[in-house]
Structures are given as C-alpha cells and as structure tokens.
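# Chain and residue survey
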Amino acid sequence: TYPATPQTGNPMRERIILVTGFEPYAGRSLNPAHEVMQQLAGRNIAGGQVSGHPLPVAIEALPSRISTLMDEVKPDIVISLGLYPGESVIRIERAALNVLDFPIADNAGDRPLDQPICPTGPAALMATLPIRAIEKTLLTAGIPAQVSNTAGTYLCNACLYGFLQAASRLQRPVPCGFLHLPYLPQQVADLLMRSREKGTAELNSAPPAMSLDLQLKAVEVAIITAQDHT
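Let me sum up the structure you'll find in this document. All values reported here derive from a predicted model rather than from experimental measurement.

## Examining the environment of leucine 18
- Note on placement: leucine 18 falls in strand S1 (residues 15-22).
- The class for leucine 18 is buried, based on a relative accessible area of 0%.
- Through-space distance from the C-alpha of leucine 18 to that of aspartate 228 is 16 Å; in sequence the pair is 210 residues apart.
- The contacts of leucine 18, once residues within four sequence positions are left out, are Ser51, His53, Leu69, Val73, Pro75, Ile77, Val78, Ile79 and Phe163.

Written out as structure tokens, the structure is:
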C-alpha cells in the first residue's frame, strides 16, 4: 500500500483521493496504470491527498480488495486506472456493466464467461465522476481524451462496478470513476522488438502510446476537476 492521510475526525480535513492502478498482466512487465498510481501516491493535488493502491488482476481477490480500501482509506473521491491496449487517448468511462466475460484469463488463471459480477445487482452502474467536465479540461490542456461508453467486460469494468456499488452503500456521496490509459512508449518498443525477433514485425501496425509524463498530467487534471465539481 501507499501513503494515505490519517483520519482525524476533523471535518476540515483534506480530501482523500483514492487512486488505484492494476498490476501488470498477460505477461507484460509494466502496466501504465500501476506506474501512474505509484507516481501520484502520497502527493497533494489541489488540496486533495492522494492515497495510491494497487489492484490485483484477479477476479476472486478484487471484491475484497475494493471493500478493504473503501473501509480503510475512507476516500472522498475514487479514480481507478487501467490499461487499454491499442488506445491512443485517455478513455473516461461512463458505465460499468454487470457482466464478467473475459477475453483472456486473469493472473490467477480464471476466465469467467457470461457471468454477472453481482447476481442481485443492477444491469449497469453509471460513473459518478464529472466525466464531461474531465473530458473538456483534458482537451483544453492539450491531452487527447474522450468519454467512452463501455469499460469492456474484463477486470477494469468489474473494478468500476465494484467501487460504484460499494460507494452506493455509504451514507455520504463518494464520486467514483475509471480512466483507461494507453501503452507507454517503452511497451510499444518492446512489442516491436519481440515482433522483429519473431520475424513478424510490421512497423505500420505499431499500437499508439502516450508518455508517462502526459498520463500523469492527465490523471492530475482529472483529480483537480473532480474536486472542483464535488
């Protein structure tokens, strides 16, 4: 875990911004979501203290991890991060579907298909971050971004659904949302290197990437905008 602000009971305490990032998965050595989370952990951004925590790429462990973080961190805002391979922009997710339909197995080897996240839960939950305001401020800052209407059916979707469901049980509003991040440049370089070594390199088909610095700036902007609208 990473630094969090102690809960003092002072009503004027700093806002706690819970930022989560998934660990590397599918044989990758890096996940930009994890890297950005680590870089932001412990920082104060516009009066909000960032509490950064990794998430397991394992569906069995994810729900208890979400519950523990909500109980222990007591965040005022939740922004979760994940990788979207092949994306060129910051994707601001609008909704989470109540479905697990994994295209690949998670890090524990599980691959649920056509299963609900919560059998008694609603078919979908809407993100409670100010998604259009975040999109506008990112674009104004020169950062490619767009609102996305689907977070997929893998763990990123399950993460958003889980945090929204957990927040709905609280006695206070806790805006929650999810940002999908592109590959880092070094990840694309590694993909091209491995492709060339296998004799299948096609430079014109290289997936897009975004620098770590720009991804960090994007999440900082999202944190500031979320606080301004809360």
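Continuing now.
## Here we look at the environment of phenylalanine 22
- With respect to the helices and strands, phenylalanine 22 occurs in strand S1.
- Phenylalanine 22 sits in the buried class, given a relative accessible area of 3%.
- A sequence separation of 104 residues divides phenylalanine 22 from methionine 126, and the C-alpha atoms of the two residues are 21 Å apart.

## Examining unusual backbone geometry
- Of note, alanine 46 is a non-glycine position whose phi angle comes to about 55 degrees, a positive value.
- Among the secondary structure elements, alanine 46 is positioned in the loop between strand S2 (44-45) and strand S3 (48-55).
- Positive phi outside glycine occurs at lysine 74, with the angle close to 50 degrees.
- Under the relative-accessibility criterion, lysine 74 is labelled partly exposed at 38%.

## Describing helix H5 (residues 185-197)
- Compared with the 18 Å implied by 1.5 Å per residue over 13 residues, the 18 Å span of H5 between its first and last C-alpha is a close match.
- Remark: glycine 199 follows H5 within two positions and exhibits a positive phi of approximately 75 degrees.

## Concerning the packing of aromatic side chains
- Within the structure shown, the criterion is met by 2 aromatic pairs.
- Seen from their ring centres, tyrosine 25 and tyrosine 154 are 6.0 Å apart, and the 45 degrees between their planes marks the pair as tilted. Of this pair, tyrosine 25 sits in the loop between S1 and helix H1 (32-40) while tyrosine 154 sits in the loop between strand S8 (145-148) and helix H4 (155-168), and the two are 129 residues apart along the sequence.
- For tyrosine 25, a relative accessible area of 11% translates into the label buried.
- An aromatic cluster is present here, built from Tyr25, Phe102 and Tyr154 joined pairwise through their rings.

## Looking at the pairing of S3
- Summarising burial for S3: 8 of the 8 residues are buried, a large majority.
- Residues Gly48, Val50, Gly52 and Pro54 line one face of S3 and the alternating positions Gln49, Ser51, His53 and Leu55 line the opposite face, and both faces are buried.
- Pairing of S1 with S3 involves 8 bridges; the strand directions are parallel. Counterpart to glycine 21 in the pairing with S3 is proline 54.
- As paired elements, S2 and S3 share 2 bridges and run antiparallel to each other. Note on S3: the bridge partner recorded for asparagine 44 is glutamine 49.
- Hairpin connection of S2 to S3: 2 residues between the antiparallel strands, including alanine 46 at a positive phi of 55 degrees.

What counts and what doesn't
Residues numbered from 1 in each chain as written. Predicted model: local features only at pLDDT ≥ 70, side-chain atom pairs only at ≥ 80, totals over all residues. Heavy atoms only, no water. Helix = DSSP H or I, 4+ residues; strand = E, 2+ residues; numbered from the N terminus. Buried < 20%, exposed > 50% of the residue type's maximum accessible area, 1.4 Å probe, protein only. Contact = heavy atoms within 4.5 Å. Expected span 1.5 Å × (residues − 1). Phe/Tyr/Trp six-rings, centres within 6.5 Å; stacked < 30°, edge-to-face > 60°. Pairing = 2+ DSSP bridges.

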